[in-house]
Amino acid sequence: MSKPRSSGRASSGAAQSVWLRRPPTPRNEPPLSRERITGAAIALLDEEGMERLTMRHLAERLGVGATTLYWHIDTKDDVIDLAIDAIFAEAPLPDGDTGSWQENVVALLSGCRAMLLRHPWSAALPLRRRPSIGPNFLTWLEFLQATLARAGLEGRQVQAACWVLYNHVQGSTASQSSLRWSGAERTAAQEQLRMRQEQYPTLVEYEYVLDDAWDENFELGLKYVLDGLQAQIAASR
C-alpha cells in the first residue's frame, strides 16, 4: 500500500524541498501543524538520535497514525529540513551596528556552535543532498554574508569566505559531538604512538589523540581564518 501524498506537493515534481511546497489543507483529524511536528522531531532527535528518527516513530510520539503524519509531511528528509531550520532560530544574531566585522563573525559562529552542541544530531549533518533554504537558516546566512561584504570582500570572495567559516564551525561541532573515545582508550592510543615515535614524531610531540581542547582549538582556528581574510582585504585595497 503506497503512502498518501501531501496535497502541498508540486504537480511538476520540481519543488523537492519542503520549503518550496504549500502546506496541506487541514482535515478533520487530530490537530497537527508544522510547528508541532517540528517540535516533536527535535525532541526525538535530541533524546534518541538520528538513527531513531522514522516517520512511524515520530507519528507515535505525536499520538497520531502514520497516515495522518504523511498528510502533513511527505518524507523524513522534510522533517530533518524543518528541524534544522527551527534550531537555527536559537543561534543569536549579533548587533551588526556595534563591534568590528571580526567581532560580529566570532559572536555569530560561537552562538551557532553552542546551538549545534545542544543538538548533537545536527552537528553531524552536512548540508546533505540539498541546501538549507528555511527562513531561520537564511537569516543567519544573510547576516554572515552581509558582514563579509561590509568588511570589504567582493564577488566570489564572499562565498568562499562564507563556506570556510561555516565549515569551520560545522566540522568543529561534528568532531566534538561524534567522538566516543574514553580516557583509557586515548591513553592507550597515545602510548602506541610513542612506541612508534620514529614514524610519528610530530604526533607524539603534540599528543594528537590526547587533545580535547575543543573550545581553544575552535577559537584559535577561527582567529587564523579571520586573520587570513583581513590580510586578503588589506591586499585588495
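Here the structure is a predicted model, which is why all the values come from computation and not from measurement.

1. A word on the overall build of the protein chain
Argument step 1. When helices and strands are counted, the protein chain shows 11 helices and 0 strands.
Argument step 2. Listed by position from the N terminus, the elements making up the protein chain come as α-α-α-α-α-α-α-α-α-α-α.
Argument step 3. In the protein chain, the proportion of contacts linking residues at least 24 apart, taken out of those at least 6 apart, comes to 68%.
Argument step 4. A total of about 13,400 Å² of accessible surface is found on the protein chain, and carbon and sulfur atoms cover 54% of it.

2. Some thoughts on the packing of helix α8 (residues 156–178) against helix α11 (residues 214–236)
Between two packed helices, both the angle of their axes relative to each other and the distance between the axes serve to describe the pair.
Argument step 1. Two elements in contact, α8 and α11, have axes separated by 10 Å at closest approach and are oriented at 175°. With respect to their mutual orientation, α8 and α11 come out roughly antiparallel. Residues Q157, A161, V164, L165, H168, V169, S172, S175 and Q176 of α8 lie in contact with α11, whose contacting residues are W214, F218, G221, L222, V225, L226, L229, Q232 and S236.
Argument step 2. Of the residues that constitute the contact of α8 with α11, the class distribution is 10 nonpolar, 8 polar and no charged.

3. Points about the nonpolar core
Argument step 1. Among the nonpolar cores identified, the biggest contains 55 residues, and L58, L109, W140, L144, L148 and L165 are the most heavily contacted of them.
Argument step 2. Leave out the neighbours within four places in its chain, and L165 touches V105, L109, L144, L148, L222, V225, L226 and L229.

4. Overview of the confidence of the model for the protein chain
For any part of a model where pLDDT is low, the fine detail of the predicted coordinates should not be relied upon.
Argument step 1. With 86% of its residues at a pLDDT of 70 or more, the protein chain has an overall mean of 87.
Argument step 2. Overall, residues 10–14 carries pLDDT values under 50, and its contacts beyond four positions in sequence, including any with other chains, amount to 2 contacts.

5. Regarding the pattern of salt bridges
Argument step 1. Evaluated as defined, the whole model comprises 7 salt bridges.
Argument step 2. Among the salt bridges present, the one from R61 reaches E48, with a minimum N-O distance of 3.5 Å. Separated by 13 residues along the polypeptide, R61 in helix α2 (residues 55–62) and E48 in helix α1 (residues 34–48) bring together distant segments of the chain.
Argument step 3. Looking at R61, the relative accessible area reads 33%, which means it is partly exposed.
Argument step 4. Among the charged side chains, a salt-bridge network with shared partners connects E47, E48, R52 and R61.

6. Some thoughts on the side chain of T173
Argument step 1. Locating T173 in the fold gives a position in helix α8.
Argument step 2. T173 sits in the buried class, given a relative accessible area of 0%.
Argument step 3. In this structure the side chain of T173 is engaged in a polar contact, spanning 2.8 Å, whose partner is the backbone oxygen of V169.
Argument step 4. Within the structure, the side chain of T173 is placed 3.1 Å from the backbone oxygen of Q170, a separation counted as a polar contact.
Argument step 5. When near neighbours in sequence (up to four residues on either side) are disregarded, T173 contacts R113, L116, L117 and A123.

7. Description of the packing of aromatic side chains
Argument step 1. Within this structure, the stated rule accounts for 6 aromatic pairs.
Argument step 2. Aromatic pair F88 and F137: ring centres 4.9 Å apart, planes at 85°, arrangement edge-to-face. Pair noted here: F88 is in helix α4 (residues 76–88) and F137 is in helix α7 (residues 135–151), with a separation of 49 residues, a long-range link.
Argument step 3. Relative accessible area serves as the criterion here: at 5%, F88 is assigned to the buried category.
Argument step 4. Classification of F137 as buried rests on a relative accessible area of 2%.

8. Focus on α8
Argument step 1. For α8, built from 23 residues, the straight-helix expectation of 33 Å at 1.5 Å per residue is met to within 8% by its first-to-last C-alpha distance of 32 Å.
Argument step 2. Within α8, burial applies to V158, A161, C162, L165, Y166, H168, V169, Q170, S172, T173 and S177.
Argument step 3. Taken together, the buried residues of α8 touch α4, α5 (101–118), α6 (120–123), α7 and α11.

9. Quick word on unusual backbone geometry
Argument step 1. Of note, the phi angle at E207 is positive, near 50°, even though the residue is not glycine.
Argument step 2. You can see E207 is positioned in the loop between α10 (201–205) and α11.

10. Some details on α5
Argument step 1. Spanning 18 residues, α5 covers 26 Å between terminal C-alpha atoms, matching the ideal 26 Å at 1.5 Å per step.
Argument step 2. Of the surrounding elements, those touching the buried residues of α5 are α4, α6, α7, α8 and α11.

Calculation criteria
- Residues numbered from 1 in each chain as written.
- Predicted model: local features only at pLDDT ≥ 70, side-chain atom pairs only at ≥ 80, totals over all residues.
- Heavy atoms only, no water.
- Helix = DSSP H or I, 4+ residues; strand = E, 2+ residues; numbered from the N terminus.
- Contact = heavy atoms within 4.5 Å.
- Areas by Shrake-Rupley, 256 points an atom, 1.4 Å probe, with all protein chains shown as cover.
- Axes fitted to C-alpha atoms, helices over the stretch in contact; angles between N-to-C directions.
- Parallel < 35°, antiparallel > 145°, perpendicular 65-115°, else oblique.
- Nonpolar A, V, L, I, M, F, W, Y, C, P; charged D, E, K, R; others polar.
- Core = buried A, V, L, I, M, F, W, Y, C linked by side-chain atoms within 4.5 Å.
- Buried < 20%, exposed > 50% of the residue type's maximum accessible area, 1.4 Å probe, protein only.
- pLDDT = per-residue confidence, 0-100.
- Salt bridge = Lys/Arg side-chain N within 4 Å of Asp/Glu carboxyl O.
- Polar contact = N/O pair within 3.5 Å; in protein donor to acceptor, adjacent residues only side chain to side chain.
- Phe/Tyr/Trp six-rings, centres within 6.5 Å; stacked < 30°, edge-to-face > 60°.
- Expected span 1.5 Å × (residues − 1).

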